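# Summary of the model geometry
The residues making up each chain are set out below.
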Amino acid sequence: MKRLAALAAPVVLVVILLLVWEGAVQWFAVPHYVLPPPSRIVAAFVSHFPSLLAHASVTLVEIAAGLLLGGVGGFALAILVFLSPLLERTLYPLIIASQMVPVFAIAPLLVVWMGYGVWPKAVVAALIGFFPIVVNASDGLRAPSEETVELFRSLGATRGQILRKLRLPASLPTLFAGLKVAATLCVVGATIGEWVGAQRGLGYLMLQSNALLRVDLVFAAIAMLSLLGLLLFAVLRIIERRVLRWRGTG
Amino acid sequence: MKHVAIHVEDVSKTFRDGRGNVEALASVTFVVERGTWTTILGPSGCGKTTLLRILAGLVRPDAGRAAMGDESGEKTAYLPQRDTLLPWRTALDNAILASEIEGRPREAARSEARELFARFGLSGFERHYPAQLSGGMRQRLALARTFLAHRDVLLLDEPLGSLDPLTRTALQDWLLSIWAELRKTILLVTHDVEEALFLSDRVLVMTRRPATITRDLPVDLRRPRDRLSAELASRKGKLLALLLDGR
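Okay, so let's go over this structure. Worth saying up front: this structure is predicted, and the values here are computed from it rather than measured. Along each chain, the written sequence defines residue order, and numbers are assigned to residues from 1. Whichever chain is written first becomes A and whichever ligand is written first becomes 1, with later ones labelled in order. Note on the predicted model: pLDDT of at least 70 is required for a residue's local features to be given, and 80 or more for side-chain atom pairs to be given and counted; whole-chain, interface and lining totals, by contrast, use all residues. Just so you know, side-chain values use all the structure's heavy atoms and leave hydrogens and water out.

## What about unusual backbone geometry?
All names here are of chain B. Put simply, the rule reads: By definition, any uninterrupted DSSP run of H or I lasting at least four residues is a helix, any uninterrupted run of E lasting at least two residues is a strand, and each is numbered from the N terminus. The buried label goes to any residue with under 20% of its type's maximum accessible area, the exposed label to any with over 50%, and the partly exposed label to all in between, with areas taken from a 1.4 Å probe on protein chains only.
Cis geometry marks the peptide bond from arginine 223 to proline 224; its omega dihedral reads -5 degrees. For proline 224, the location among the structural elements is in the loop between β9 (213-218) and α8 (230-245). Unusually for a residue other than glycine, glutamate 158 sits at a positive phi of about 45 degrees. Of note, glutamate 158 is situated in the loop between β6 (153-157) and α6 (165-182). Judged by its relative accessible area of 12%, glutamate 158 is buried. Here the phi dihedral of arginine 183 falls at roughly 50 degrees; this positive angle occurs in a residue that is not glycine. You can see arginine 183 is positioned in the loop between α6 and β7 (185-190). You can call arginine 183 exposed: its relative accessible area is 51%.

## With respect to the layout of surface pockets
Residue and element names in this part refer to chain A. Heads up, the condition is: Detection works on a 1 Å grid of protein atoms alone, calling trapped sets that fit a 1.4 Å probe cavities and calling open sets with protein on both sides within 12 Å along at least five of seven lines pockets, with lining residues defined by an atom within 4 Å of a point. Grid points are joined across faces, edges and corners, and a volume is the space filled by probe spheres set on the points. Residue polarity is assigned by list, with Asp, Glu, Lys and Arg as charged and Ala, Val, Leu, Ile, Met, Phe, Trp, Tyr, Cys and Pro as nonpolar; anything else, Gly included, falls into the polar class.
By volume, the largest pocket is sized at about 400 Å³. Elements supplying a minimum of two residues to the lining of the largest pocket: α1 (2-28), α2 (38-47) and α10 (215-243). Here the element with the most residues in the lining of the largest pocket is α10; it accounts for five residues. Its residues placed into classes, the lining of the largest pocket shows 11 nonpolar, one polar and no charged.

## Describing the pattern of salt bridges
The following threshold applies: The term salt bridge refers to a side-chain nitrogen of Lys or Arg lying within 4 Å of a carboxyl oxygen of Asp or Glu.
Within the structure shown, the criterion is met by 26 salt bridges over all chains. We note a salt bridge from arginine 82 of chain B to glutamate 147 of chain A, for which the minimum N-O separation is 3.1 Å. Within this pair, whereas arginine 82 of chain B is found in the loop between β5 (76-79) and α2 (91-95), its partner glutamate 147 of chain A is found in helix α7 (residues 146-154), the two belonging to separate chains. Put simply, arginine 168 of chain B and aspartate 192 of chain B hold a salt bridge, and the shortest N to O gap is 3.3 Å. Pair noted here: arginine 168 of chain B is in helix α6 and aspartate 192 of chain B is in the loop between β7 and α7 (193-199), with a separation of 24 residues, a long-range link. With a relative accessible area of 14%, arginine 168 of chain B lands in the buried category. Under the relative-accessibility criterion, aspartate 192 of chain B is labelled partly exposed at 22%. Linked by salt bridges that have partners in common, Lys165 of chain A together with Arg89, Glu100 and Arg106 of chain B make up one network.

## Examining the sheet that holds strand β4 (residues 63-68) of chain B
Residue and element names in this part refer to chain B. Threshold: We treat two strands as partners when DSSP finds at least two bridges between them. The axes are straight lines fitted to the C-alpha atoms, using for helices just the contacting stretch, and the angles between their N-to-C directions are given from 0 to 180°. Contacts between residues were defined by any pair of non-hydrogen atoms, one from each residue, lying within 4.5 Å.
A sheet is described by the order of its strands in space; here three strands give the open sequence β2-β1-β4, paired in antiparallel fashion. Single-partner strands in this sheet number two, and they are β2 (20-33) and β4. When strand polarity is set aside, the average angle formed by the axes of neighbouring strands in this sheet is 20 degrees. Two strands pair when backbone bridges link them, and strand β1 (residues 4-17) and β2 are joined in this way by 10 bridges, in the antiparallel orientation. Counted as the bridge partner of aspartate 17 is glycine 20 from β2. Here helix α1 (residues 48-55) sits on the sheet and contacts β1, β2 and β4; the angle it forms with β1, its principal contact strand, is near 120 degrees.

## Here's the deal with the packing of aromatic side chains
Rules: Pairing of aromatic side chains here covers Phe, Tyr and the six-membered ring of Trp, requires ring centres within 6.5 Å, and sorts the geometry by plane angle: under 30 degrees stacked, over 60 edge-to-face, intermediate tilted. Only when the NZ atom of a Lys or the CZ atom of an Arg is both within 6 Å of the ring centre and within 35 degrees of the ring normal do we say a charge sits over the ring.
Applying the stated criterion across every chain yields a total of seven aromatic pairs over all chains. Taking 6.3 Å as the distance between ring centres and 20 degrees as the angle between the ring planes, the aromatic pair formed by phenylalanine 104 of chain A and tryptophan 195 of chain A counts as stacked. Here tryptophan 195 of chain A lies in helix α8 (residues 159-196) and phenylalanine 104 of chain A lies in helix α5 (residues 103-114), a separation of 91 residues in the sequence. An aromatic cluster is defined as three or more aromatic residues linked by ring pairs; in this entry it consists of Phe120, Phe147 and Trp174 of chain B. Here arginine 183 of chain B stacks its cationic end above the ring of tryptophan 179 of chain B, 4.8 Å away from the centre of that ring. If you follow arginine 227 of chain B out to its NZ or CZ, it ends over the ring of phenylalanine 198 of chain B, 3.9 Å from the centre.

## Notes on the environment of alanine 144 of chain B
Residue and element names in this part refer to chain B. Secondary-structure assignment places alanine 144 in helix α5 (residues 135-147). For the pair alanine 144 and histidine 128, spaced 16 residues apart in sequence, the C-alpha to C-alpha distance is 15 Å. Dropping the residues within four chain positions of it, alanine 144 is found in contact with Leu116 and Phe120.

So this is what it looks like as structure tokens:
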């Protein structure tokens with residue numbers, strides 16, 4: 001019952017916004033190639049559903065690959081930087097600087113280097129997504145108290161054991177926090193990747209529809225993209241609850 | 001002559017921090033016999049914890065020698081003052097941490113821990129997470145983990161300090177019975193005079209920084225002891241006066 005009520009609030013908000021939108025477009029007689037009413041978008045969504053689904057599956061693979069790449073890479077980087085102060089001093093400025101580089105600027109280069117397949121999109125997604133993972137996982141690795149580390153040392157634990165049995169499990173809650181932020185960023189990253197060079201995918205569909213003044217289809221693709229993002233977020237939450245079962249026990 | 005479990009000779013330690021040097025320990029010397037309960041009593045922040053950390057092999061003394069038993073080496077199980085249970089592990093898996101670190105087979109360690117759980121009042125809570133346990137149970141679990149390290153000497157840093165008085169009293173009784181049963185050497189650190197007198201064979205009184213041992217008092221009260229006895233009360237008064245003088 002509570003969960004239903006929690007779900008009702010955002011649904012009601014979306015419905016109200018759509019009604020206002022619909023009313024405004026009708027009232028001001030806005031041409032549908034400038035801003036289509038939601039009813040038209042829904043119609044386009046339904047009539048083009050098989051095509052939307054096909055494009056979505058391509059984009060989903062790119063997002064997932066990007067998240068995996070960014071997740072594994074980001075976590076590995078966080079561990080490396082934690083283990084070696086030298087690496088921390090060397091890499092951290094680069095990691096932060098990498099976030100200042102506009103992805104739009106390097107996405108075309110990635111297409112030149114890697115072609116039109118999944119990889120350039122996945123890499124763009126990973127490039128945006130890895131940052132919150134590095135930052136959050138680094139915090140998590142430092143979470144155990146000095147006393148707990150000393151307890152391990154007093155029991156004769158090696159550095160490797162302290163990492164495996166203490167720091168890695170302690171970093172999982174913040175790792176998941178980073179992954180959830182990264183998942184939404186990867187959706188954006190994959191779309192940008194597709195805009196620069198693709199033959200399939202929701203980003204590609206958006207560009208094509210825009211060129212044909214099919215703005216209703218652009219919005220249908222955006223809606224599909226949002227659904228992908230929500231789906232990914234939900235999946236991550238389920239995995240998080242599974243992995244961090246101990247957290248719900250307080 | 002009984003065997004020596006802990007041998008501390010002329011141990012000194014000074015910490016350097018941003019503002020200067022803090023002399024934590026100054027020439028501490030004492031010997032603890034195997035199987036006895038010794039308590040270090042002193043005001044908060046007087047270097048008691050530093051002494052335990054030296055004995056646990058976590059800190060090197062600047063001068064002097066701290067050795068366990070006949071040969072020096074790892075023979076202690078250290079229980080830090082603050083909660084160090086791992087929240088992502090079940091009670092049972094928290095208890096077998098030492099065995100796991102030493103690479104002993106996990107199932108054997110688990111079944112051994114299960115047996116001890118009954119004695120520690122933790123039966124039925126093997127699969128609970130620390131967050132699901134009461135303060136007293138968490139402390140018993142931390143103590144179970146310490147016992148399961150299979151070391152001869154237990155170094156306990158205010159293990160009951162964070163508990164409410166009622167739970168604390170109950171756990172003191174229980175800890176005594178466990179000690180009588182398992183015959184370990186215990187070195188307890190506390191600032192609670194009654195706890196020191198009720199539990200130990202011997203009380204070492206420590207002064208404020210730089211800490212040294214100013215008194216070495218055998219507690220020759222018969223066991224089982226009575227917290228409310230006149231003998232204990234009079235000793236408590238004297239010991240308190242001594243501690244207040246030492247400021």
